[in-house]
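Below are the chains, spelled out letter by letter.
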Amino acid sequence: MKIHEKYIKKCISLARNGLGSTYPNPMVGSVVVHNNKIIGEGWHQKAGLPHAEVNAINSVKDPALLPASTIYVSLEPCSHYGKTPPCSDLIIAKGIKKVVIGTVDPFAEVAGRGIKKLMDAGCEVAVGIEEQECRELNKRFFTFHQKQRPYIILKWAQTSDGFIAPAEKQNRQPAWITNQASKQLVHKWRAEEQAILVGTNTVVADNPKLNTRLWHGPNPTRIIIDRNFRIPQDSFVLDGSIKTVILTDAPNAEAAKEPSTENLIFEPVNFEGNLAAQICEILYRHELQSVIIEGGAKTLQTFITSGLWDEARIFTGKKIFKSGIQAPRISGSLKEESGLTGDNLKIYIND
């Protein structure tokens, strides 16, 4: 079993290369092993491109070795035709008789069918190797398909005396609490997730761009809560450069001054109901598998109170405000803690 774990861990490492670029597909890595030596490897790079198993098999220099090899894959090989042919069919066609799988795919079109197809073809299949780590790798994908909502990451920065923002601001510029290293890390995170959400007060006070200008990667879809159309028309979030969804009161949505376009979409919500649950339903409908909730405090608290969050990433800087808007309070298990050139980062999980 130890040898299986070693190669599945390699699959996981390869799969991580696709973080942020495989949506709506999961991240998957695969290796082909012959006589305890990796002779082929690959990962899924982008939706519509070949899957990990295809890349791993195609990288084998001597295909004659395949029937005597074992293929390892972090997620169950697909069994259906999507943008690419079924990987399980390719494994069978190449005569590979031993298949080791990290975890079953929760997607309804797969969900054990790939494993059954392999076993029906006479393959020896082992499933559930390093399963927890494989599920963690695709926590966004699993949450989306099993809970019908995006994976929710809360993120904020607070001063050393516990404030998320000063009491008053003189201009539409953020009051930076953390340093440049932390700021760049946040832009990296944005490139890894599919959406980013803020409330009206954040847009009015800070005029954020909510893009990845400090990191190379795709911009997330911007989600803005704006119940009464208070966002100034010169706000960056209304510039049409990135897909933006405005969540507004149902009557206001119907009376929107501008109709929805490809990059500016109005979605009605009932602000008297469970706002967090409604937002999750809308994001699920837009096929967004993950979202970073960047605040402000009221918006963050909405999700905390509803219990609708998976991770909280909290920066604490050295600045002291003495007064202002207090940072949210959260309970969860501390998963990780690190320092970033003076800032402190704690990551909690909701358990």
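Placed above this text is the structure.
Because the structure is a prediction, the values reported are computed rather than measured. (Residues numbered from 1 in each chain as written. Predicted model: local features only at pLDDT ≥ 70, side-chain atom pairs only at ≥ 80, totals over all residues. Heavy atoms only, no water.)

Student: Got a sec to walk through the sheet that holds strand β2 (residues 37-43)? Specific residues and values, please.
Tutor: With mixed pairing, 5 strands are arranged side by side in an open sheet as β2-β1-β3-β4-β5. Strands with a single pairing partner mark the edges of an open sheet, and in this sheet they are β2 and β5 (124-127). Across this sheet, the average inter-strand angle for adjacent strands is 15 degrees, counted without regard to direction. Here strand β1 (residues 29-34) runs beside strand β3 (residues 70-75); their pairing, made up of 4 bridges, is antiparallel. What sits directly across from Val-31, in β3, is Tyr-72. Here helix α4 (residues 113-120) sits on the sheet in contact with β4 (98-103) and β5, set at roughly 150 degrees to β5. (Pairing = 2+ DSSP bridges. Helix = DSSP H or I, 4+ residues; strand = E, 2+ residues; numbered from the N terminus. Axes fitted to C-alpha atoms, helices over the stretch in contact; angles between N-to-C directions. Contact = heavy atoms within 4.5 Å.)

Student: Go over the nonpolar core, please, and point to the residues and values.
Tutor: One finds Ile-152, Leu-154, Leu-197, Leu-247 and Phe-303 to be the most contacted residues of the largest nonpolar core, which totals 32 residues. Sorting elements by how many residues they give to this core places helix α10 (residues 275-285) first, with 6 residues. Discounting residues that sit within four places of it in the chain, Ile-152 has contacts with Cys-280, Val-291, Ile-293, Phe-303, Leu-308, Trp-309, Asp-310 and Glu-311. Within the second largest apolar cluster, 24 residues are counted, among which are Ile-196, Val-237, Phe-315 and Leu-340. (Core = buried A, V, L, I, M, F, W, Y, C linked by side-chain atoms within 4.5 Å. Buried < 20%, exposed > 50% of the residue type's maximum accessible area, 1.4 Å probe, protein only.)

Student: Describe the packing of aromatic side chains, listing the residues and the values that go with them.
Tutor: Applying the stated rule across the entire model yields 5 aromatic pairs. A centroid spacing of 4.6 Å and a plane angle of 40 degrees characterise the contact between Phe-144 and Tyr-284, whose relative ring orientation is tilted. You can see Phe-144 sitting in helix α6 (residues 139-147) and its partner Tyr-284 sitting in helix α10, a full 140 residues away along the chain. Geometry around Phe-236 places Lys-209 over its ring, the cationic atom sitting 4.9 Å from the centre. (Phe/Tyr/Trp six-rings, centres within 6.5 Å; stacked < 30°, edge-to-face > 60°. Lys NZ or Arg CZ within 6 Å of the ring centre and 35° of its normal.)

Student: Report on the pairing of strand β9 (residues 221-225), specifying residues and quantitative values.
Tutor: β9 sits mainly inside the fold: 5 of its 5 residues count as buried. Here β9 shows no split at all, with Thr-221, Ile-223 and Ile-225 on one side and Arg-222 and Ile-224 on the other all buried. Sheet topology places strand β8 (residues 195-199) next to β9; 5 bridges connect them, and they run parallel. In the strand pairing of β9, Ala-195 is matched with Thr-221. Of the crossover connections in this fold, the one passing from β8 over helix α8 (residues 200-206) to the parallel β9 is right-handed. Inspection of the sheet shows β9 paired to strand β10 (residues 244-249) by 4 bridges, in the parallel sense. By the bridge assignment for β10, Arg-222 is matched with Thr-244. (Right-handed = clockwise from strand over helix to strand, strands pointing away.)

Student: How would you explain the pattern of salt bridges if you had to name every residue and give the values?
Tutor: A full pass over the atoms with the stated rule returns 20 salt bridges. The partner of Lys-116 in a salt bridge is Asp-120, with the nearest N and O atoms 2.8 Å apart. One end of the pair, Lys-116, and the other, Asp-120, are both in helix α4, 4 residues apart, so they sit about a helical turn from each other. There is no split in this pair, since Lys-116 and Asp-120 are both exposed. In this structure, Glu-294 engages Lys-155 in a salt bridge whose closest nitrogen and oxygen atoms are separated by 3.8 Å. Of this pair, Glu-294 sits in strand β12 (residues 290-295) while Lys-155 sits in strand β6 (residues 151-158), and the two are 139 residues apart along the sequence. Like Glu-294, the residue Lys-155 is buried in the burial classification. Through salt bridges that share partners, Glu-136, Lys-139, Glu-311, Arg-313 and Lys-335 make up one connected network. (Salt bridge = Lys/Arg side-chain N within 4 Å of Asp/Glu carboxyl O.)

Student: Account for the sheet that holds strand β16 (residues 343-349), naming residues and giving values.
Tutor: Sheet strands pair via backbone hydrogen bonds, and the direction of the pair is either parallel or antiparallel. Spatially, the 9 strands line up as an open sheet ordered β11-β10-β9-β8-β12-β6-β13-β16-β15, and their pairing is mixed. Of all strands in the sheet, those bounded by a partner on one side alone are β11 (264-269) and β15 (333-340). Neighbouring strand axes in the sheet, compared pairwise and without regard to direction, differ in orientation by 20 degrees on average. Packed onto the sheet, helix α7 (residues 180-192) meets β6, β8, β12, β13 (311-316), β15 and β16 and runs at close to 160 degrees relative to β13.

Student: Tell me what's going on with unusual backbone geometry, and back it up with residues and numbers.
Tutor: Cis geometry is adopted by the peptide bond preceding Pro-24, which originates at Tyr-23 and carries an omega value of 5 degrees. The phi torsion at Glu-130 lies on the positive side, around 55 degrees, for a residue other than glycine. Tracing the backbone through its elements, the reader meets Glu-130 in the loop between β5 and α5 (131-137). At Lys-322, a position not held by glycine, the phi torsion is positive, near 70 degrees. Here Lys-322 is to be found in the loop between β13 and β14 (325-326). A relative accessible area of 73% means that Lys-322 is categorised as exposed.

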